[in-house]
Structure formats: structure tokens, C-alpha cells
Amino acid sequence: MEYNKQRTMIIAVLIIIMWSCCYSHAQLSSDFYKESCPSLFYVVRRVVQRAVTRERRMAASLLRLFFHDCFVNGCDGSILLDDTSSSMGEKTAGPNNNSVRGFDVVDKIKSRVERLCPGVVSCADILAIIARDSILLLDGPGWSVKLGRRDSTTASFATANSGVIPPPTSTLDNLINRFRAQGLSSRDMVALSGAHTIGQARCVTFRDRIYNESNNIELSFALYRQRSCSADSGSSDNNEVTLDVHTPGRFDLNYYRQLLNHRGLLTSDQVLYSGGSTDSLVVSYSRSLNAFYRDFVRGMVKMGDIKPLTGSNGEIRNNCRRPN
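The structure presented is a predicted model; accordingly, all values stated were derived computationally and were not measured. (Residues numbered from 1 in each chain as written. Predicted model: local features only at pLDDT ≥ 70, side-chain atom pairs only at ≥ 80, totals over all residues. Heavy atoms only, no water.)

### Side note on the pattern of salt bridges
When the charged atoms of two side chains with opposite charge come close together, those side chains can pair.
Phase 1 of the analysis: Using the criterion set out here, one finds 17 salt bridges in the structure.
Phase 2 of the analysis: A salt bridge links Lys-91 to Asp-82, with the shortest nitrogen-to-oxygen separation between them at 2.4 Å.
Phase 3 of the analysis: Residue class for Lys-91 comes out buried when judged on its relative accessible area of 14%.
Phase 4 of the analysis: Accessibility expressed as a relative area gives 31% for Asp-82, which makes it partly exposed.
Phase 5 of the analysis: Notably, a salt bridge pairs Arg-298 with Asp-295, separated by 3.8 Å at the nearest N-O pair. One end of the pair, Arg-298, and the other, Asp-295, are both in helix H14 (residues 289-304), three residues apart, so they sit about a helical turn from each other.
Phase 6 of the analysis: Overall, the relative accessible area of 2% leaves Asp-295 in the buried class.
Phase 7 of the analysis: Bridged by salt links that share partners, the residues Asp-82, Lys-91, Asp-107 and Arg-321 form one connected network. (Salt bridge = Lys/Arg side-chain N within 4 Å of Asp/Glu carboxyl O. Buried < 20%, exposed > 50% of the residue type's maximum accessible area, 1.4 Å probe, protein only. Helix = DSSP H or I, 4+ residues; strand = E, 2+ residues; numbered from the N terminus.)

### Topic: the environment of Arg-101
Phase 1 of the analysis: Position of Arg-101 among the secondary structure elements: in the loop between helix H3 (57-70) and helix H4 (103-116).
Phase 2 of the analysis: Here Arg-101 falls in the partly exposed class, since its relative accessible area comes to 22%.
Phase 3 of the analysis: Contact partners of Arg-101, with chain neighbours within four places excluded, come to Glu-55, Arg-57, Met-58, Ser-61 and Leu-65.
Phase 4 of the analysis: Polar side-chain contacts of Arg-101 include one of 2.9 Å to the side chain of Glu-55. (Contact = heavy atoms within 4.5 Å. Polar contact = N/O pair within 3.5 Å; in protein donor to acceptor, adjacent residues only side chain to side chain.)

### Focus on the UniProt feature "site: Transition state stabilizer" (unreviewed entry) in the chain
Phase 1 of the analysis: Per the UniProt record, the feature "site: Transition state stabilizer" (unreviewed entry) sits at Arg-64.
Phase 2 of the analysis: Residue position: Arg-64 is located in helix H3.
Phase 3 of the analysis: Setting aside its immediate chain neighbours within four residues, Arg-64 contacts Pro-95, Ser-99 and Val-100. (UniProt positions renumbered as here; feature names shortened; annotations may be inferred.)

### Focus: the packing of aromatic side chains
Phase 1 of the analysis: If you walk through the whole model with that rule in mind, you get 14 aromatic pairs.
Phase 2 of the analysis: Aromatic pair Trp-143 and Phe-296: ring centres 6.2 Å apart, planes at 70 degrees, arrangement edge-to-face. Pair noted here: Trp-143 is in the loop between helix H5 (123-137) and helix H6 (157-160) and Phe-296 is in helix H14, with a separation of 153 residues, a long-range link. The pair formed by Trp-143 and Phe-296 is uniform in burial state, with each residue classed as buried.
Phase 3 of the analysis: Taken together, the ring pairs connect Trp-143, Phe-251, Tyr-255, Tyr-256, Tyr-285, Phe-292, Tyr-293 and Phe-296 into an aromatic cluster. (Phe/Tyr/Trp six-rings, centres within 6.5 Å; stacked < 30°, edge-to-face > 60°.)

### Some words on a positive patch on the surface
Phase 1 of the analysis: Taken together, the side chains of Arg-46, Arg-50, Arg-54 and Lys-108 define a basic patch exposed on the protein surface.
Phase 2 of the analysis: Sort the elements by how many residues they give to the positive patch and helix H2 (residues 40-54) lands first, with three residues.
Phase 3 of the analysis: As for its position among the elements, Arg-54 is in helix H2. (Patch = residues over 30% accessible without salt bridge, like charges linked within 9 Å, V, L, I, M, F, W, Y side chains within 5 Å. Areas by Shrake-Rupley, 256 points an atom, 1.4 Å probe, with all protein chains shown as cover. Lys, Arg positive; Asp, Glu negative; His and termini not counted. Charge placed at Lys NZ, Arg CZ, Asp CG, Glu CD.)

The following block contains the structure:
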């Protein structure tokens, strides 16, 4: 009798947990602002388009903001919060310091959206939309962005610095584990890594790889990148080069083809094709743009579902840089 009571209680708790998780995600929908801010997508697209036209690299930067936001306590816009006298934000944490950018674009979008629909659209949702639009503007795939997130009132420097965002020196196991901790599979991880077909990396993030012959790197590629990155720390530390040598301004599959030729710039790139469990995915994406796009979109949608604040949780910030 006592056993049956305990068993019933355990099942009830599990049902509540599962219902809570699913309910949180169910509150996100692509038409969340259909009535409250119908011009939202148009306003966001115009600002992003102008920013990317001025600097194509900005598309990668805006996409990266979304990734770095979602991996630290969920997609809640916390990465946008500035430091205050009483707390440190996430902008100066190791993975973000002198690296993440595009905050001015977010500010411009938020300002225009607030004029149209004051107190309605969250900064967290703006990050989700600009990530999609950035990919579209570089000839990548599109998808319906799920919306309805609310903004956090705090940021976490400690969490951002804890390793939840995989570093560029990551092993394959570390990448798999870090993505799994966010509810993302190995397939999601390899597909989302394809975002490195756009964007740039600083010398300090790939120096060890291009000067270490045992690192599974094609020699001529290493020598080519050494022109922009000296062996010793110093003046070239912040020199930036494109992750994709051939088509850095297009969202295509050349990233995976580079990996097949051992031309991954970052250690965390090349480990995806190094005799491990993800080799077959790299081969598949290098051959089929449709396969890459399909899995990338699925991964982006899943990433956007990481611990969103909904309902009465969080707030709608008036200014993305500070809580209300």
C-alpha cells in the first residue's frame, strides 16, 4: 500500500515537470506579436539589412550574440545587460570580452520598436529575430522564429565564465557534452557549427593550431594563416581572419569542405572531422546544402527553446542594456 502511494506521487511529480517544460515552450509562437506589434519583422529586417550592407561580417556577429545569450541561463537577453556598480554583466566574461559585438544594432532596433510598440517586444526576442535575418541576408535558409520570450533582470558573469560556452580549443567530447547540457544533440552541434562559414576569428584563438604540426592541419593553409598571426604573443594577437577562406560572405557549405581538407581554422572546428563520431555528418553536409540547411534550422529552433522566460517571469526591458 505504502509502495503504491510513493509510486503514484513520483509519477505525479514527473508529469508536472514534463508539463511545465512543455508549457514553457508552448507559449512561444511565431505569431506572438501579430496583434500587439504587427510591423515588428519589417522594422527589424530594415535595420539588420542596413547594418549587414555596411559590414557583411555583422551578420555573423548578430548570430553569435544569440548563441552566447542562449548558452548562459537560456535565451533571456542577459548578454545585453551592461555592468553596474553592484554587478558584472556577461559582456566582459572570457568568451565575450573583446569578442561579441553588434550591441549598437540591437539598440537601434529596440529604439525603433519601442516607438511603435512601447513595452511589448522583449530584447530576447529581438536577438532571435536578428539571428534569422542575418542568415537570410547572406543567402542562407529562413525559418519561422518562435517568439514570446521575456527578458531577465540580471546577468551572470560567473556562469558565462564557467565553460558553458565551448572555447575554440575544445575537444570533440567537450563540444558534445556542452551542447548536450543545453538539450542539443551531436547533430545539432555539427550543424550549428556550420555558422562558421561566416565570420572571423582573432589570432589568439588559433595561434597554437597553425604553429603546431601535430594538430591535423594542412601545411599550406597553416603557412597562409601565419602571415596574419605571428608565433609570439604581441601586436598580432587581435588580428582577425575569416573562418571560411573562399566564401566568407555567403552562408554555404564551404566550411565543411574545408574540414575535409584539414583547413579548419579553430581546433574546435577541425575536431568535427578528425576520425571521430561526427565525421559522417561533416561529409554529409559537405555534399548536400539541403541537409545542412535542414539540420541548421532545426538546431536554431531548438536552441531558441533553451529555458525561455515566459508568462509573468522576467520583464520587457525598455532599454536592452539595463533592467527597468
